[in-house]
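# Close look at the chain arrangement
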Amino acid sequence: MSADPGSDRRTDHSTDHRTTRTPVPKKPSAAFAFSPRTAPVLLTPEAVAAFGEVCALAPRTLYEFHSPEAREVLRETEVLITGWECPPLDAAALAAAPRLTSVVHTAGSVRGVMTEAAWERGIEISSAAAANALPVAEYTVAMILLTGKRVLESARTYRTERTTPDWTQAAQAAGNYRRTVGLLSASLIGRRVIELLRPYELRILLYDPFVDAAEAAALGVELVGLDELFARSDTVSVHTPLLPETRQLVSRELIGGLRPDAVLINTARGAVVDQEALTEAVLAGRVRAVLDVTDPELLPPDHPLWTCPGALLTPHVAGSQGNEWQRLTDFAVGELRRWAAGEGFAHPVRRERLAFLA
């Protein structure tokens, strides 16, 4: 009796399936390294699940690198996923992580993560600085437009006097038509500000010693000297990183060269600005200031800028807040996916660029 042809076909099909099946690639091993304070902020269940689709996650988040439990995790880890206030990758941590080759950083600056030992080891690192640049740029643009319309002053007067103002008495200096905005540095954030300002009828000046005329033209800005930036701008927005050579770069002389009623916006670092000189200028009513950062970060309770009507202080909120943290983790998942596929990081941080980065 001949065999059932249908049975033969099923057997053949099963054999073919076994011989042509492609092995499932092994997920790279990864571990989270955060601080206890910041881990709950970024490592939401959704974020953890997204990372877990790309890599094999260690069962615990690392808050330090030197306990026996941490060394056990590090021994198998190929890539670390890090965030604000994570422990630094010092020589002892690296010795405990023989398989570690890369770091995906969900925050901006990598200075707190990477040590000389990590750079010497050749550890690759990706930063989410580009993702964090967007909310800072959005904050900056909002403040440029609000201060141009003198919204904060109008709101204060309206709340106090509770009468409808005579709009015909508005100062000619108020308004955003052809207002001149000067940007200090074409950093990641500075470039996003330029991009977001394009729809508005503003003149944009730029000071950045590393940008040439051709690049400035491509950005659609006018490249000027530092003194000229302060002398010509109605608003100056500071976007330079804090480096030894940029400490108090916005000097007393530059502040003195600002136009009357000009606005200084600082979302970079407080120490880039001579704060004493700026305070004097604001108290005198000569200039206005929007400061998301100060030096020190929290001013003393009796500092005059707290109550000065010409100053707006915000508590370092320009960067990612609330649901914007998801952008950082989405960004990091994308970088991890590229790395796991062997494509390399789209946003690597190079050691030779550290001198120009925050």
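Residues numbered from 1 in each chain as written. Predicted model: local features only at pLDDT ≥ 70, side-chain atom pairs only at ≥ 80, totals over all residues. Heavy atoms only, no water.

### Let's talk about the packing of helix 7 (residues 129-148) against helix 9 (residues 188-197)
The test is simple: Axis definition: a line fit to C-alpha positions, over the contact stretch in the case of helices; interaxial angles, taken between N-to-C directions, run 0 to 180 degrees. Numbering of helices and strands starts at the N terminus; helices are DSSP runs of H or I of at least 4 residues and strands are runs of E of at least 2. In this scheme, roughly parallel covers angles under 35 degrees and roughly antiparallel covers those over 145, while 65 to 115 is roughly perpendicular and the rest are oblique. In this scheme, a crossing is called left-handed if the near helix is turned counterclockwise away from the far one by less than a right angle; it is called right-handed if the turn is clockwise. Between two residues, a contact is recorded if the distance between any of their heavy atoms is within 4.5 Å.
Where helix 7 contacts helix 9, the two axes come as close as 8 Å, and the packing angle between them is 50°. Looking at the two axes, helix 7 sits oblique to helix 9. Judged by the twist between their axes, the crossing of helix 7 over helix 9 is right-handed. Contacts between helix 7 and helix 9 involve A129, A130, A133, L134, V136, A137, E138, T140, V141 and I144 from the first element and L188, I189, R192, V193, L196 and L197 from the second.

### Quick look at the pattern of salt bridges
Between side chains of opposite charge, a pair can form when the charged atoms approach closely. Formally: We count a salt bridge whenever a side-chain nitrogen from Lys or Arg sits within 4 Å of a carboxyl oxygen from Asp or Glu.
Counting across every chain of the model gives 16 salt bridges. One salt bridge connects E78 with R99, and the closest N-O pair in it is separated by 3.5 Å. Of this pair, E78 sits in the loop between helix 4 (68-74) and strand 3 (79-82) while R99 is found in the loop between helix 5 (91-95) and strand 4 (102-105), placing the two residues 21 residues apart along the sequence. Here R288 and E153 are joined by a salt bridge, their closest N and O atoms 3.0 Å apart.

### Here's the deal with the sheet that holds strand 1 (residues 29-33)
Test applied: A strand pair is defined by DSSP finding two or more bridges across the two strands.
Here we have 5 strands laid out as an open sheet, ordered 2-1-3-4-5, and parallel in their pairing. Only two strands of the sheet have a single neighbouring strand rather than two, namely strand 2 (56-57) and strand 5 (124-127).

### Considering the sheet that holds strand 8 (residues 222-223)
Across the sheet, which stays open at both edges, the 7 strands sit in the order 8-7-6-9-10-11-12 with parallel pairing between neighbours. With one partner strand each, in any of the chains shown, strand 8 and strand 12 (311-313) form the two edges of the open sheet. Where strand 9 (residues 235-238) meets strand 10 (residues 263-266), 4 bridges bridge the pair, whose relative direction is parallel. Bridging from a neighbouring strand, V236 pairs with L264 of strand 10.

### A word on the environment of A217
Note that A217 resides in helix 10 (residues 213-219). Remark: the alpha-carbon pair of A217 and T267, spanning 50 residues in sequence, is separated by 25 Å.

### Notes on unusual backbone geometry
Here the residue pair D295 and P296 is connected by a cis peptide bond, since its omega of 5° sits within 30 degrees of zero. Backbone geometry at S185 places phi at a positive 100°, although glycine is not the residue there. Along the chain, S185 turns up in the loop between strand 6 (179-184) and helix 9. Unlike most non-glycine residues, Q248 shows phi in positive territory, near 55°. Along the chain, the position of Q248 falls in the loop between strand 9 and helix 12 (252-256).

### Notes on the confidence of the model for the chain
What counts, and what does not: The pLDDT score gives, residue by residue, the confidence of the prediction method on a 0 to 100 scale.
On average, the chain scores 91 in pLDDT, and the residues at 70 or more come to 92%. Low confidence marks residues 1-22, where pLDDT is under 50. Its contacts with residues over four positions away, or in another chain, come to 1 contact.

### Comments concerning empty space enclosed by the protein
As a reminder of what qualifies: Space inside and on the surface of the protein is sampled on a 1 Å grid over the protein atoms alone, with a cavity defined as a set of points where a 1.4 Å probe fits but cannot get out and a pocket as an open set with protein on both sides within 12 Å along at least 5 of 7 lines; lining residues have an atom within 4 Å of a point. Grid points are joined across faces, edges and corners, and a volume is the space filled by probe spheres set on the points. When residues are grouped by polarity, Ala, Val, Leu, Ile, Met, Phe, Trp, Tyr, Cys and Pro land in nonpolar, Asp, Glu, Lys and Arg in charged, and all others, Gly among them, in polar.
Applying the stated rule across the entire model yields 1 cavity of 30 Å³ or more. Approximately 30 Å³ is the volume attributed to the largest cavity. Lining the largest cavity we find N266, G270, V273, Q275, L278, L291, V293 and T294. Considered class by class, the residues forming the lining of the largest cavity number 4 nonpolar, 4 polar and no charged.

### A closer look at the packing of helix 7 against helix 14 (residues 325-340)
Put simply, helix 7 and helix 14 touch, their axes get as near as 9 Å, and they point 155° apart. It follows from the interaxial angle that helix 7 and helix 14 lie roughly antiparallel. The two elements helix 7 and helix 14 meet at a crossing, and its hand is right-handed. Residues A130, A131, N132, L134 and P135 of helix 7 lie in contact with helix 14, whose contacting residues are R327, L328 and F331. A class-by-class count of the residues in the contact of helix 7 with helix 14 yields 6 nonpolar, 1 polar and 1 charged.

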